[in-house]
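Residue-level listing of the chains:
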Amino acid sequence: MDQYSSIITSVRDRLYRLALRVVNDADEAEDVVQDVLVKSWKKRDQIVGLDNPPAWLMRMTKHQAIDRLRSAKVRCARETEAAAPDFVAHTPFQITATNDTLGHIHRLLQQLPPDQRSVLHLREVEGMDYKEIAEATGLSLSQVKTYLHRGRGKLRGLLLQQRIVES
Amino acid sequence: MTHTTAKTLLDRYFLGETTLEEEEQLRAYFRAGDIHPDLAPYPPLFSYWEQAGEIVAPKVRRPAIQRRLPVRWLAAVAAAVVMLLCLHTWFNQQPDLSSFPIAEAQPIDWSKYEVTDPEEAYRLLRGALKTASSEINRGPEITIRELGEVRRMLK
């Protein structure tokens with residue numbers, strides 16, 4: 001029980017960020033994490049015995065978030081993402097200087113497939129190595145490397161194309 | 001880190017060839033602020049990732065999480081309750097026998113029929129005695145007639 005609680009405490013923010021990256025909606029992301037925690041509680045005895053419980057939880061979060069993303073409600077929300085995204089709104093940004101630039105980056109990321117988005121997020125935000133990302137996403141190592149390469153390439157193209165310069 | 005090293009690392013970064021340590025060096029370079037003009041387009045990207053890493057899960061759970069209700073169970077329970085209520089109402093609607101309205105016999109005020117006139121009383125009494133005297137022989141006559149019938153049958 002204590003072991004399970006400490007695992008959850010250590011990983012909860014990461015689960016939320018990953019869910020938010022996939023569903024792009026703060027309320028939906030919260031629901032995803034809640035569902036994952038409820039399901040994981042029922043399997044807590046098995047989870048504490050795993051080699052890498054956080055990876056298992058993150059994989060479950062990714063799957064849960066993608067399932068939720070497929071629902072009509074979230075699809076509608078994505079179609080109207082011209083509005084300021086929750087992902088950005090939740091962070092203490094230097095809004096005046098970089099809002100447009102970060103908004104462009106965010107919108108480009110949201111256009112990527114969920115798997116590719118998840119890989120980029122886990123590497124750039126959570127600082128996970130390829131093996132950890134593969135465990136957390138259920139993808140192969142080569143898929144992880146490919147998604148990362150392609151995702152970064154697209155971001156570079158965007159930045160160069162629009163000549164976005166941080167003022 | 002020199003600008004040249006940063007450029008080289010950045011090229012490798014976009015090819016997906018950098019290690020986590022090298023990526024951290026790149027972040028530190030862009031965070032420092034002294035950036036070569038050729039690398040000017042890229043600070044927002046690293047800034048974006050850093051900001052994304054600062055997001056934390058809400059401490060307080062939003063109230064009223066919508067969960068899927070066990071609709072079938074609720075429908076079955078509701079149907080059972082309605083059925084019980086109907087039965088209860090039906091049986092309670094059967095009227096008790098004691099609840100039927102019964103006409104109560106009103107006491108008759110015989111005093112208004114009482115004969116107070118002596119002549120009227122005499123006339124009534126005469127009529128009654130006359131009737132009695134004329135009818136008193138009917139019983140024996142019937143009996144004699146019936147006995148005659150029996151006797152004839154026995155012969």
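Rules behind the numbers
- Residues numbered from 1 in each chain as written.
- Chains lettered and ligands numbered in written order.
- Predicted model: local features only at pLDDT ≥ 70, side-chain atom pairs only at ≥ 80, totals over all residues.
- Heavy atoms only, no water.
- Helix = DSSP H or I, 4+ residues; strand = E, 2+ residues; numbered from the N terminus.
- Buried < 20%, exposed > 50% of the residue type's maximum accessible area, 1.4 Å probe, protein only.
- Contact = heavy atoms within 4.5 Å.
- Areas by Shrake-Rupley, 256 points an atom, 1.4 Å probe, with all protein chains shown as cover.
- Buried area = accessible area lost by both parts, 1.4 Å probe.
- Salt bridge = Lys/Arg side-chain N within 4 Å of Asp/Glu carboxyl O.
- Polar contact = N/O pair within 3.5 Å; in protein donor to acceptor, adjacent residues only side chain to side chain.
- Nonpolar A, V, L, I, M, F, W, Y, C, P; charged D, E, K, R; others polar.
- pLDDT = per-residue confidence, 0-100.
- Core = buried A, V, L, I, M, F, W, Y, C linked by side-chain atoms within 4.5 Å.
- Expected span 1.5 Å × (residues − 1).
- Axes fitted to C-alpha atoms, helices over the stretch in contact; angles between N-to-C directions.
- Parallel < 35°, antiparallel > 145°, perpendicular 65-115°, else oblique.
- Left-handed = near helix turned anticlockwise from the far one by under 90°.

Quick look at the overall build of chain B now. The number of helices and strands found in chain B is six helices and zero strands. Tracing chain B from N to C terminus, the helices and strands come up as α-α-α-α-α-α. Going through the 155 residues of chain B one by one, you find that 17% of them count as buried. Across chain B, contacts joining residues at least 24 apart in sequence account for 42% of those joining residues at least 6 apart.

Attention now goes to the overall build of chain A. The helix and strand inventory of chain A stands at 10 helices and zero strands. When the helices and strands of chain A are listed from N to C terminus, the series reads α-α-α-α-α-α-α-α-α-α. Looking at chain A as a whole, 49% of its 167 residues are labelled buried. Contacts spanning at least 24 positions in sequence make up 69% of the contacts within chain A whose residues lie at least 6 apart. Working note: accessible area of chain A is about 8,000 Å², and carbon and sulfur atoms make up 49% of it.

Listed by partner, the interface residues are 42 residues for chain A and 32 residues for chain B. At the boundary of chain A with chain B, total buried surface from both sides reaches about 3,500 Å², with 57% on carbon and sulfur atoms. Where chain A touches chain B, the interface holds four salt bridges. The shortest N-O distance in the salt bridge between Asp 11 of chain B and Arg 156 of chain A comes to 2.8 Å. Inspection of the chain A/chain B interface yields 15 residue pairs in polar contact (both at pLDDT 80 or more). Broken down by element, the residue count for the side of chain A that touches chain B peaks at seven residues, all from helix α10 (residues 141-162) of chain A. Of the residues assigned to the side of chain A that touches chain B, the class counts are 18 nonpolar, nine polar and 15 charged.

This next bit is on the confidence of the model for chain B. Averaged over every residue, the pLDDT of chain B is 84; residues scoring 70 or more account for 87%. Looking across chain B, the model is least confident in helix α6 (residues 138-154) of chain B, with a mean pLDDT of 86, and most confident in helix α2 (residues 20-32) of chain B, with 92.

Attention now goes to the pattern of salt bridges. For side chains of opposite charge, pairing can occur when their charged atoms come near one another. Under the defined criterion, the tally for this structure stands at 18 salt bridges over all chains. Put simply, Arg 27 of chain B and Glu 124 of chain A hold a salt bridge, and the shortest N to O gap is 3.6 Å. Taken together, the positions of Arg 27 of chain B in helix α2 and Glu 124 of chain A in helix α8 (residues 114-124) put the pair across two chains. Relative accessible area serves as the criterion here: at 10%, Arg 27 of chain B is assigned to the buried category. Bridged by salt links that share partners, the residues Arg 123, Glu 124 and Arg 152 of chain A together with Glu 23, Glu 24, Arg 27, Arg 31 and Glu 50 of chain B form one connected network.

Our focus in this paragraph is helix α3 (residues 43-53) of chain B. α3 of chain B sits mainly inside the fold: nine of its 11 residues count as buried. Among all positions of α3 of chain B, only Pro 43, Pro 44, Leu 45, Phe 46, Ser 47, Tyr 48, Trp 49, Gln 51 and Ala 52 of chain B are buried.

Now for the nonpolar core. In summary, soluble globular proteins display a tendency toward joint burial of nonpolar side chains. In this structure, Ile 105 of chain A together with Leu 10, Leu 45 and Trp 49 of chain B are the most contacted members of the largest nonpolar core, which totals 62 residues. A per-element tally of this core places helix α1 (residues 2-23) of chain A first, with 11 residues.

All names here are of chain A. Counting all residues, the mean pLDDT for chain A is 82, and 79% of those residues have values of 70 or more. In the model of chain A, helix α6 (residues 86-89) stands out as the element of lowest mean pLDDT, 49, in contrast to helix α9 (residues 130-137), which has the highest, 94. Contacts of residues 88-97 to residues separated by more than four positions or lying in other chains number 16 contacts, the stretch itself having pLDDT below 50.

Before going further, it helps to spend a moment on helix α2 (residues 26-42) of chain A. Residue and element names in this part refer to chain A. When the terminal C-alpha atoms of α2 are compared, their 25 Å separation across 17 residues agrees well with the 24 Å that a helix rising 1.5 Å per residue should span. Considered for burial, the residues of α2 that qualify are Ala 26, Glu 28, Ala 29, Glu 30, Asp 31, Val 32, Val 33, Asp 35, Val 36, Leu 37 and Ser 40. Where α2 begins, the side chain of Asp 25 points an oxygen toward the backbone nitrogen of Asp 27, at a separation of 3.1 Å.

Only 3.1 Å separates the side chain of Arg 27 of chain B from the backbone oxygen of Glu 124 of chain A, close enough to count as a polar contact. Once you skip the residues sitting within four places of it in the chain, Arg 27 of chain B turns out to touch Arg 123 and Glu 124 of chain A together with Phe 46 and Glu 50 of chain B.

What follows deals with the packing of helix α4 (residues 53-69) of chain A against α8 of chain A. All names here are of chain A. Between α4 and α8, whose axes approach to 11 Å, the crossing angle comes to 140°. One element, α4, and the other, α8, form an angle in the oblique class. The interaxial crossing formed by α4 with α8 has right-handed handedness. Between α4, through Met 58, Lys 62, Ile 66 and Leu 69, and α8, the contact on the second element is made entirely by Pro 114, Asp 115, Arg 117, Ser 118 and Leu 122.

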